[in-house]
Amino acid sequence: MSGAIIHWAGHLALVLVASPLLFGIISRTKARVAGRTGPPLFQPYFDLIKLFRKGAVYSRTTTGVFRAGPVVAFAAILSSALIVPFHGGRAPLSFQGDLVLFAYFLGLARFFMIVAALDTGSAFEGMGASREASFSCLAEPAVFLSFIALARASGSFSMSEFLSVGLIQAWPSAAGPALVLVVASFVLVLLAENARIPVDDPATHLELTMIHEVMVLDHSGPDFGFLQYAAAAKLLVFGAILVHIVHPVRSAGFLPFLAAMGLGLALVAILIGLIESSMARLRLARVPQYLVAANVLSGFAVLLTLAPHS
Amino acid sequence: MSDLPHTCLLLIVLCNFYVLSTGRLANLIRILSVEGVLLSLIPLPAALAGSAHAAILVAGTLAVKGVIMPALLMRALRSIDEPLDSRPIVGAVYSLIPGFFILAAAFVAGLHIPLGDAFDPLIGGVGLATLVTSMLYMVNSRKAISQVIGFFIMENGILILAVGIRHGLPFVIEIAILFDLLLAAMIFGGFIRRMHEVFTHTDTSRMRKLKG
Amino acid sequence: MILWAIALFPMSAALISLALRRRSAVLIWIVAGSLVELVLALSAAARVFRAGAVSTLDGHIALDALSALHLCLVAVVSLLSSIYAREYFSHESESSLDDRTAWKFGGLWFAFIGSMVGVLLFNNVGLMWVSMESTTLASTFLICLHRDRPSMEAAWKYLIICSAGIMLGLLGTIFIYGASPLAGESALKWSTLMDSAAQMDPRPARIGFILILIGYGTKVGLAPMHTWLPDAHSQAPTPVSAMFSGVLLNCGFYCITRFVPIVSTAVGDPSWCRHMLLGFGLFSMLVASLFILGQRDLKRLLAYSSVEHMGIVAVGMGMGGGGTFAALYHTINHSVCKSLAFFCAGRTIQERGTRDIEKLSAGRDRVPVWGSGLLVALLALIGCAPFSIFMSEFLIVRAGVEEGQVAAVALFLLAAATVFAGALKPAISLAFGVGKSESRPPAGPVRSAGTAHALVGILSLVLIGLGVWIPAQLQTILHQAAAVIAGN
């Protein structure tokens, strides 16, 4: 029993400690590419501490939903992080079919963010909420299809298995091309779900171009802190999944694997930073096409894992 | 290396999806060239194993489909000064989705093509998918050049199916077909240029005068 | 050998034609070249009919009774169309056919004839396909010779639809190749395929035949793949239209009939192919008859009539038994009749300045020779006795009754009757009646040269002659060709 508590606590601690660092790496990469020195790597931690010490301002038009939104979102993201394995063994929360629970935790987080945005009664946040809702309709099937392809390739429906052990044999086998397609699709989805360029620009504040930024516009103080933390944790979770798919665990040793995971996550963050520095945001009307392309790639991967071929 | 044909086929499927989603005519012609190169790599293992016919086929397909035909089409495109976007009837999103279902159906149908046990279902699926997707694309296009591209991709699909049947048609026929395609590319290119001279556009949806 | 001469002469004629710079020279050369080709074709055909099939190049190029019959038709219609082209273009102004356009016309004309000859000469079905595709490529620019908008539109439809359709024909050929147990270069020879047909896998053979019917059927103009035909045949210059309707459609159908005995033997039951042919044929007849009713453009009327007659040929083949003989006989009759019809229609439209049937009445008064010819041709096309088309249609109906295909015969008669009803009134009004408003003031009846008299007279006599009497030699020839299709 105590072993389980340590497992859960350790897992959560890992997520909480490591996630803001990713934002720091991304900002630093973008700055370096632009020729500047950039903010310190641990700046996001300082920002979070600052936000949690501040007071919050609540509009008179909001209700309890507005106050619940950030907390529920944060809790849901952390719960979804419990399903993703980090150290080569099983994740704290794993069973057959837990990929569905994972997707629904993410969905719960998104739902509460949308509802909290709508609760403000402002057209601004409503616009962001509607964009987020419609784009997630296209992004979530891509996530599901990728997971199905992975599950079929590795033979198990638990994320702890198809992200680690089961995938090792899958890569050199006939399902290899399918996994390449899954990686491509998942990269597209990662950028979309975490509100990165080319889907959403985290640095913009123009109403015509915001999706995620505009939903969180009215939150302040600790609420905003929770939302930032949730976004960081979500990026960590997606990044961890991507690292698992590309490089399934080879040894069950705890520390070497943790180090490899950390390196992988850092590389993912640098990659995101490079993408953000080199591309412009897509026109909003083009985003559905981008997401359908991600769907098609992962759907093709599913077809390949289903088709028996010599 | 033995997996090269399979990898080429999968990349061809991705090229078809790109064709469905892109709106720029110049990129369409470039993707046609890429598909031609991929097709020419399919007999490569046989060529490396010493077959002279296969080697000539690789070189010929590479030259005709990878280089000359796209160059002819690009020349025709550059000589007409009209907007270089393809304006399909149904947009990118709504053609990618049927394209995907066509792929799924083709994979299922590829398992059932009654051409003997030596017939690789992956080749059958990819060939059928390319064929039907290109027909969908031809129907969906307004500009003459995109219809021509659809036609050439249709031909690619048919040749992929031929590869599945006993590794392709007899050598002389394949060479004859390559020459014929070259001639077709010249005729299509010249015709599009002349069409532009007469109509000052090549939008076939505006050419609806002959009826009844 | 003579086969090489027949195959290579049109291409050399095309090259020679490219050296001619004056329009009058080109127009004379096309007549001369077609005459030479006709002589070559007739001598080769005579040898085949007397002594059996000839072949060369290890059997990849061959001429048997069926292809010899079609070759003669191609050569005769090319000669007639060339003679007519000279007459037709001499009445066109200098601006519409200048030297440069005539130069292109000459080269393309011979390339077109050469590709059709290639279709007929190649025993190798793959190379036959390549020739068929090149007929499309060679003839496209003939349609849009005068660069106006309708003809460009028609030429584009023709180019893209026929090319796409012919691709399906290639897929069908691939399936037949896949069905055959042989491999290698000689596996695609028709004679080899016939010999090994009994060992073919029937399932891919069936799929292949359907694809061939749809693919080559696009070039034949069977409905529902006929949508390019009315535009292309009506917008092309008339000599080109005559060639299209007269022989190009026949070549397409020839390709289909090449595969009928192979697939019938492979499937084991000849009635399967026949049912397919019947279906497409009857559908073409019905669709064409609907569009003939109320048609206002004279050349479009003739084009839809081509669709109908190709449907009749398909129905004839589909009846089996004596129907194959009748269908081949009908092919000859239709080529002659449609050529005559287009010749007369073209000159009439040229002289009167309009294509509208309602405005073209009183033809026999205004343009005596061509107007009478048009009347004869139209009456023959819709199936009036005693013309040859009536005879061949009658033979098809008789074959159908003998084979017990009652429903097919009923639909056949329905479609034929619809066409008769729909086209009779225009035919009569085109020839007789009071002249309505015209775009050009009538300057008295037009005097035609001897060529006109000769063309119209000879063709009409042939139409009547073949209608009352099929010479014994022609009967033997037709029976020989039908035997090839039946697979003996």
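Colleague: Tell me about the overall build of chain A, residues and numbers included.
Modeller: Each helix and strand counted, chain A has 11 helices and zero strands in total. Helices and strands in chain A line up, N terminus first, as α-α-α-α-α-α-α-α-α-α-α. Its C-alpha atoms give chain A a radius of gyration of 19 Å, near enough to 19 Å, the size a compact globule of 310 residues would have. In terms of principal-axis extent, the alpha carbons of chain A reach across some 65 × 50 × 45 Å.

Colleague: Which residues make up the overall build of chain C, and what values do they have?
Modeller: Secondary structure assignment for chain C yields 19 helices and two strands. Computed over C-alpha atoms, the radius of gyration of chain C comes to 21 Å, within 12% of the 23 Å expected from 2.2 N^0.38 for 488 residues, which places it in the range of a compact globule. Counting only C-alpha atoms, chain C reaches 70 × 55 × 40 Å along its principal axes. Expressed as a percentage of its 488 residues, the buried residues of chain C come to 62%.

Colleague: Quick rundown of the interface of chain B and chain A? Include the residues and the values.
Modeller: Across the boundary between the two partners, chain B contributes 17 residues, which contact 12 residues of chain A. Ranked by residues supplied to the side of chain B that touches chain A, first place goes to helix α5 (residues 92–110) of chain B with eight residues. Residues that form the side of chain B that touches chain A fall into these classes: 13 nonpolar, three polar and one charged.

Colleague: Go over the arrangement of the chains with me, naming the residues and quoting the values.
Modeller: Taken together, the two pairs of chains in contact show their highest number of contacts between chains B and C. In this view chain A stays clear of chain C, with the nearest C-alpha atoms of the two still 20 Å from each other.

Colleague: Summarise unusual backbone geometry; cite the residues concerned and give the values.
Modeller: Between I197 of chain A and P198 of chain A the backbone carries a cis peptide bond, its omega angle lying at 10 degrees. For P198 of chain A, the position within the fold is in the loop between α7 (176–193) and α8 (212–215). Note that the residue after A223 of chain C, namely P224 of chain C, is joined by a cis bond; omega there is 0 degrees. Positioned with a positive phi, A195 of chain A is a non-glycine residue whose angle comes to about 55 degrees. Along the chain, A195 of chain A turns up in the loop between α7 and α8.

Colleague: An account of the packing of helix α7 (residues 144–164) of chain B against helix α8 (residues 171–199) of chain B is requested, with residue identities and associated values reported.
Modeller: All names here are of chain B. Where α7 meets α8, the closest approach of the two axes is 10 Å, and the angle between their N-to-C directions is 170 degrees. It follows from the interaxial angle that α7 and α8 lie roughly antiparallel. The residues of α8 that touch α7, namely those facing A144, I145, V148 and E155, are L181, F188, I192 and M195. Residue composition of the contact of α7 with α8, grouped by class: seven nonpolar, no polar and one charged.

Colleague: Outline the environment of A294 of chain A, listing residues and values.
Modeller: Structurally, the position occupied by A294 of chain A is in helix α11 (residues 287–306). Residues in contact with A294 of chain A, not counting those within four places in the same chain, are A142, S185, L188 and V189 of chain A.

Colleague: Can you tell me about the confidence of the model for chain A, naming the residues and giving the values?
Modeller: The predicted coordinates should not be examined in detail at positions where pLDDT is low. Summing up the model confidence of chain A, the mean pLDDT is 89 and the portion of residues at 70 or higher is 97%. Here helix α6 (residues 159–170) of chain A is the element of chain A with the lowest mean pLDDT, 81, and helix α2 (residues 43–53) of chain A is the one with the highest, 95.

Colleague: Could you give an account of the interface of chain B and chain C, naming the residues involved and the relevant values?
Modeller: Accessible area lost on assembly of the parts is the figure often given for the size of an interface. Listed per partner, the contact involves 32 residues of chain B and 33 residues of chain C. Of all the elements, α8 of chain B adds the most residues to the side of chain B that touches chain C, at 13 residues. Partitioning the side of chain B that touches chain C into residue classes produces 25 nonpolar, two polar and five charged.

Colleague: Provide a residue-level description of the packing of helix α12 (residues 298–319) of chain C against helix α13 (residues 323–352) of chain C, including the pertinent values.
Modeller: All names here are of chain C. Taken N-terminus to C-terminus, the directions of α12 and α13 make an angle of 175 degrees; their axes are 9 Å apart at the nearest point. In terms of orientation, α12 and α13 fall into the roughly antiparallel class. In this structure, α12 contributes L298, K299, L302, S306, H309, I312, V313, G316, M317 and M319 to the contact, and α13 contributes G323, T324, A326, A327, H330, T331, H334, K338, A341, F342, A345 and I349. Residues that form the contact of α12 with α13 fall into these classes: 12 nonpolar, eight polar and two charged.

Colleague: So, the confidence of the model for chain C: which residues are in play, and what are the values?
Modeller: Averaged over every residue, the pLDDT of chain C is 89; the share at 70 or more is 96%. Taken over the whole predicted complex, pTM reads 0.90, whereas the ipTM for its chain interfaces reads 0.93.

Colleague: Which residues make up helix α2 (residues 25–41) of chain B, and what are the values?
Modeller: With 17 residues, α2 of chain B should cover 24 Å at 1.5 Å per step; its first-to-last C-alpha distance of 25 Å lies within 8% of that length. Of the positions making up α2 of chain B, those classed as buried are L25, L28, I29, L32, E35, G36, L38, L39 and S40 of chain B.

Colleague: Go over the environment of A144 of chain B with me, naming the residues and quoting the values.
Modeller: Within the secondary structure, A144 of chain B is located in helix α7. For A144 of chain B, a count of 24 C-beta atoms within 10 Å translates into the label buried. Separated by 61 residues in the primary sequence, A144 of chain B and S205 of chain B place their C-alpha atoms 9.4 Å from one another. Discounting residues that sit within four places of it in the chain, A144 of chain B has contacts with I192, M195, T202 and T204 of chain B together with W156 of chain C.

Colleague: For α7 of chain A, give the residues involved together with the corresponding values.
Modeller: Residue and element names in this part refer to chain A. Compared with the 26 Å implied by 1.5 Å per residue over 18 residues, the 25 Å span of α7 between its first and last C-alpha is a close match. Burial within α7 is extensive, with 13 of its 18 residues counted as buried. At the exit of α7 stands A195, carrying a positive phi of roughly 55 degrees.

Colleague: How would you explain the environment of D119 of chain A if you had to name every residue and give the values?
Modeller: All names here are of chain A. Secondary-structure assignment places D119 in helix α4 (residues 98–119). For the pair D119 and V249, spaced 130 residues apart in the sequence, the C-alpha separation amounts to 44 Å. If we skip the residues at most four places from it in the chain, D119 touches T62, T63, V65 and F66.

Parameters and conventions
- Residues numbered from 1 in each chain as written.
- Chains lettered and ligands numbered in written order.
- Predicted model: local features only at pLDDT ≥ 70, side-chain atom pairs only at ≥ 80, totals over all residues.
- Helix = DSSP H or I, 4+ residues; strand = E, 2+ residues; numbered from the N terminus.
- Rg over C-alpha atoms; globule rule 2.2 N^0.38 Å.
- Buried ≥ 20, exposed ≤ 12 C-beta atoms within 10 Å, placed from the backbone.
- Contact = placed C-beta atoms within 7 Å.
- Nonpolar A, V, L, I, M, F, W, Y, C, P; charged D, E, K, R; others polar.
- Axes fitted to C-alpha atoms, helices over the stretch in contact; angles between N-to-C directions.
- Parallel < 35°, antiparallel > 145°, perpendicular 65-115°, else oblique.
- pLDDT = per-residue confidence, 0-100.
- Expected span 1.5 Å × (residues − 1).

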